[in-house]
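Spelled out from the first residue to the last, the chains are:
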Amino acid sequence: MSFIPHTQEDIKQMLKAIGAGSIDELFKDIPVALRPKSFNIPAGKSEFEVTQILRRLSLENATGLVNFVGAGFYDHFIPAAVDAIAARSEFYTAYTPYQPECSQGWLQAIYEYQTIICQLTGLDVSNASLYDGGTALFEAMMMAVRHTGRNKIILDSGVNLIYRTMLYTYTSNLSIEFVEIPVVHGQSSRRDLFKHLDDKTAAVILQNPNFFGAVDDYSDVVGQVHKFGALAIASVYPVSLGMLKAPGEMGFDIATGEGQSLGIPLSFGGPYLGFMAAKSELVRQMPGRIVGATVDSEGKRGFVLTLQTREQHIRREKATSNICSNEALCALRAAVFVSLLGREGLRELAEHNYQKAEFAKEQLSGLSGVEVKRSSPTFNEFTILLPRNADEVVQRMIDKGFACGFPLGRFYKGMDNYLLVAVTEKRTKEEIRRFVDSLEAVL
Amino acid sequence: MNIPKNLLYTKDHEWARIEAKTAYVGITDYAQESLGDITFVELPKKDEILEQTKRCATVESVKAASEVYAPLSGRVLSVNAELAAHPELINQLPYEKGYFLSMEFSNDSEKANLMDAASYQRYVEGLSK
Amino acid sequence: MKLIFEKHKDGRRGFSYGLVDVGGAKPLPEKYRRGAALPLPCLSELDVVRHYTNLSRLNFSVDTNFYPLGSCTMKYNPKFCERVAGFEGFSQLHPLLPQLSGGGMLAQGSLEVLYETEKLLCEITAMSAFTMQPLAGAHGELTGVMLIAAYHKDKGARRKYVIVPDSSHGTNPSSAAIAGYEVKVIPTGPDGYMDLVEYKKQLNDEVAAVMLTCPDTLGIFNPRIREIADMAHKVGALLYYDGANLNAMLGKCRPGDIGFDVVHLNLHKTFATAHGGGGPGAGPVGVSQKLVEFLPISRVIRCGDGTYALDYNYRKSIGYIAPFYGNFGVILKAYAYMLCLGREGLIKAAEIAVLNANYCQAKLKSYYDLAFDKTCMHECVFSAMRQAKNGVHALDIAKYLIDKGFHPPTIYFPLIVKEALMIEPTETESKETIDAFIETMIEIARLAEDNPSLVKQAPVNMPIKRLDEVRAARKLDLCWKPQN
């Protein structure tokens, strides 16, 4: 199957109009020596056959496990209306809205998305989205480097290791000096942070809740950061913002994060949604597309891509970033998800997550040999210490039908017996009880 | 095309008005005309040291960003703060309220590298041919 | 249309989670909680669905309009690909599952998709291996340049420059700059090809890479591409292939056979995954043998027993460039598309894409000036200079096309062509559709002579007229605020 509408007659007529004898003639500029040495691609298949092959493969994935794995990527319920809107092909088969008159639907939707991100984070401006939470954090860091003209970054080790690793990869050819701050009793060590904070610091990067699930109020840190003329950057989990103090309320200059939890399926790691919001004075340092409101020649409100002079198609090697797309369809999902929930719904979602995690903590603390870490409050994810290697426990729990959590030994030295457990609104009381019982049985 | 007599000009379409040791700097009528509606200017900081022919500012229109080069070397005395809120002044009054900055220039002999109004006029006419 | 925030009414609900079945936990201490109430809008489900459904109707899209946006390959996106990506076995899989001890067996289906897609892309491009991780084309470019930097560093010198032609996509120079390189730009000669004299002059052992688009952004295949490649290799530079225009090359020419060392592909262009209004895309990067050891981790491997696993054991890898394995949902659609088209279907796609572009070129070249009069590949580039003399610019032509129900071609790119109109019809558009477009383009050319003001007023049939972009940039309004 090839989705080509041309009949033999069409082709004949078109070749005639071109003045070519054959289609091959159109490829005459490709020297014979450069023709493919091979092109061993299997013969085409029908839609039915391909669908069958892929259905079979999808069933080879074990999605039936009861999921307690989070680590920055969460198993939330997605209302049907989100899927229905994202399936409108007037949205998903369009491209970047370069021509505003025939793209007002997309432009307005992105403007609404930007507003929602500002409302959630408590900051002034948002871009039209970035690839994912990790690349968004890198871009935020580079904004701080450009804005301050400095190159020292203080990075809390409570920031997701996946993101920290990405920052190191991206800066391997740039002269950026990193200082990692240890986590002590689950929280960012203020003492170490303040020791390293100086007038060479471009930014301090923190995460809330941090990778261990600990919730913090960083207002005190941000105050100090600003005294040295540096920027404070927060990586945040948007569902938690239905309950937790917003980055803007703590004084952060830039907030970024992974928007997957806002109505985007886990889908084995992507596509996801990097969001970014900042104080208005940083807007010209922002990377990526930005939509602005304006008026048409008759004074009617309309929306356009704006501040394009920051971007690669105009500034080329001097652009703020090489990014030329956004994750528009994922941003749309987030906008629909949040609009649907509204302020009550998002508060409720956060409350359910918090209550269920607290319930799980309480149940787990009844198990002998299991210690629930309580040095900091948590939102929907927390750390437990097991009497044996967490890797083994995870494997045994798989046999019981549970993806029981993320073993911290994979990311942190000396934490082989620690397990990170996430409890979203999807986990029922019954599932949590069975989870605790099964854990007791495998320990 | 407005090319005031009392100013000095560069090939990149900047102008300088000399008052004793101070030079006022901006872009010419020709420059603002070819850039179109200016939406933003990035200016240097007070006391920044500028070097003749090196970048000192950037002007942006909707679809372009252009560098502005210092007509003379020296220290920035002040920048035109009004441009932040009203970049359109550059389009409206490029030689007056649309000026970019004032500077204390350090090397008198550099003036020889600039054109007077008549030479600039000929230069601009040559460009449009 | 009103904004969703302007439809808010206190007390309305669009979704409820019901009562929590556990409860009574102590609330989180005040200092950690949000102080101000969330300012989000409150609407019913119907309010929200109607709002976004109506917004969708204000867009042009491939499913509703001809969309010949040059360089973007807006071909039809087959529906079964969307369905497949929605299978719960794929969409609900947590990405950390295969990283858990014993968890690899839980993700065999998805790992196989990644492995098999990589194999197909290797054969299509003649590269040795691919990383599926880059999340978009530009992200692939950055990854590719970082691989090049790692290779040179490993050889002892990082080198300083990256060469790009002036006709390149803006992402090429900006990706090189973000990877820490200085960019050298080579002009295009009067024949439409990169100026080889200037190229030779700039090429030396400080050059890390030469980034080329092939066919180039003028839609032309440079017959001397091999020579250009050999010259780069002679000074130890690597050759980068911007795969934006691969659609014309399927089964006709492979970057690896020419001698390219790094290739990025845009699955949302060549392999028909939906563009999504600007993303998500996917930008896998293929490399020649000498660069394989530097690829990002993890990599998917096939074990002796036929099962698939993640491999992190690459000492020289540049590291993580994405959180996981790429935009899996997008890769999956491209895989389904390739399986469906197969060998003959892919070759035919290239052939008909080139036929359609040459047909447009032939039919329009007496009305508009061709940038360079040569057989084109998948797209043709005109200049509206002739029309501009009467005041009808590329932008005006674009707006008039909108009025007639056509998405405009790419305008003002490549930068080296004044008043550029870059038309890429793609293979899935029929002769009738293209004929209707051509007719409208001819009508515009006539109006530019007889009645230019009619073109300059356009659009008049759309919900809004031309927008004040200067105002948008001067008086920034990027976020809605309630008006007391």
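Definitions and limits used
- Residues numbered from 1 in each chain as written.
- Chains lettered and ligands numbered in written order.
- Predicted model: local features only at pLDDT ≥ 70, side-chain atom pairs only at ≥ 80, totals over all residues.
- Pairing = 2+ DSSP bridges.
- Helix = DSSP H or I, 4+ residues; strand = E, 2+ residues; numbered from the N terminus.
- Contact = placed C-beta atoms within 7 Å.
- Axes fitted to C-alpha atoms, helices over the stretch in contact; angles between N-to-C directions.
- Nonpolar A, V, L, I, M, F, W, Y, C, P; charged D, E, K, R; others polar.
- Buried ≥ 20, exposed ≤ 12 C-beta atoms within 10 Å, placed from the backbone.
- Domains from an automatic or database assignment.
- Arc of directions from axis to C-beta.

Enquirer: How should I be thinking about the pairing of strand β2 (residues 14-19) of chain B in this particular structure?
Expert: Residues in a regular strand point their side chains to alternate faces of the sheet. Residue and element names in this part refer to chain B. Bridging between strand β1 (residues 8-9) and β2 involves two bridges; their strand directions are antiparallel. Looking across to β2, one finds that Y9 is bridged to W15. Connecting the antiparallel pair β1 and β2 is a turn made up of four residues, with H13 showing a positive phi of about 70 degrees. Relative to strand β3 (residues 22-27), β2 is paired through six bridges, and the arrangement is antiparallel.

Enquirer: For this particular structure, what's the right way to read the sheet that holds strand β13 (residues 371-372) of chain A?
Expert: To summarise the sheet geometry, strands pair through backbone hydrogen bonds and adopt either a parallel or an antiparallel arrangement. Residue and element names in this part refer to chain A. Here four strands make up an open sheet; going across it, the order is β13-β14-β17-β16 and the pairing antiparallel. At either end of the open sheet lies a strand with only one pairing partner, and these are β13 and β16 (406-407). Across two bridges, the pairing between β16 and strand β17 (residues 418-422) is antiparallel. Its bridge partner being in β17, F406 is matched across the sheet by L420. Strands β13, β14 (381-385) and β17 of the sheet are contacted by helix α13 (residues 328-364), whose axis makes an angle of about 10 degrees with β14.

Enquirer: Just checking my understanding: could you explain the interface of chain B and chain C for this structure?
Expert: Quite often, the size of an interface is put as the accessible area lost when its parts meet. Listed per partner, the contact involves five residues of chain B and four residues of chain C. Grouping the constituent residues of the side of chain B that touches chain C by class yields three nonpolar, one polar and one charged.

Enquirer: Any chance you could explain the environment of I398 of chain A here in plain terms?
Expert: Mapped onto the secondary structure, I398 of chain A falls in helix α14 (residues 390-399). Classification of I398 of chain A as buried rests on a count of 20 C-beta atoms within 10 Å. On a C-alpha basis, the gap between I398 of chain A and V66 of chain A in space is 9.2 Å, while along the polypeptide they are 332 residues apart. Ignoring anything within four residues of it in the chain, the contact list for I398 of chain A reads L65 and A403 of chain A together with G102 and G103 of chain C.

Enquirer: Help me out: how do you make sense of the pairing of strand β9 (residues 308-311) of chain C in this one?
Expert: All names here are of chain C. As paired strands, strand β8 (residues 299-302) and β9 are joined by four bridges and run antiparallel to one another. Along β9, the bridge assignment pairs R299 with D311. The turn linking β8 back onto β9 is made up of five residues, and G306 within it adopts a positive phi angle of 85 degrees.

Enquirer: I tried to follow the sheet that holds strand β5 (residues 238-242) of chain C on my own but got confused; where do I start?
Expert: All names here are of chain C. Here we have seven strands laid out as an open sheet, ordered β1-β7-β6-β5-β4-β2-β3, and mixed in their pairing. Edge positions in the open sheet fall to β1 (129-131) and β3 (182-186), since each of these has one partner strand only. Looking at each pair of strands side by side, their axes are set apart by 25 degrees on average, direction ignored. As judged from the three bridges shared by strand β6 (residues 262-264) and strand β7 (residues 285-287), these two strands associate in the antiparallel manner. Within the sheet, the bridge partner assigned to V262 lies in β7 and is V287. Packed onto the sheet, helix α4 (residues 108-125) meets β1, β6 and β7 and runs at close to 125 degrees relative to β1.

Enquirer: Looking at this model, I keep getting lost on the domain arrangement of chain A. Mind explaining?
Expert: All names here are of chain A. Taken domain by domain, chain A holds domain 1 (66-77 + 342-442) and domain 2 (80-337). For domain 1 versus domain 2, the separation of C-alpha centres amounts to 28 Å. Those elements that provide at least two residues to the side of domain 1 that touches domain 2 are α13 and β14. Tallying contributions element by element places α13 first for the side of domain 1 that touches domain 2, with seven residues. Along the lines of polarity and charge, the residues of the side of domain 1 that touches domain 2 split into 11 nonpolar, seven polar and five charged.

Enquirer: Quick question: what am I supposed to make of helix α10 (residues 219-227) of chain A here?
Expert: Owing to its 3.6 residues per turn, the α-helix brings residues three or four apart onto one side. Residues and elements named next belong to chain A. The complete set of buried residues in α10 reads V221, V222 and V225. The buried residues of α10 occupy an angular sector of 95 degrees when the element is viewed end-on, so they sit on one face. Turned more than 90 degrees away from the buried face of α10, the exposed residues are G223 and K227. Within two residues after α10, G229 carries a phi angle of roughly 75 degrees, on the positive side.

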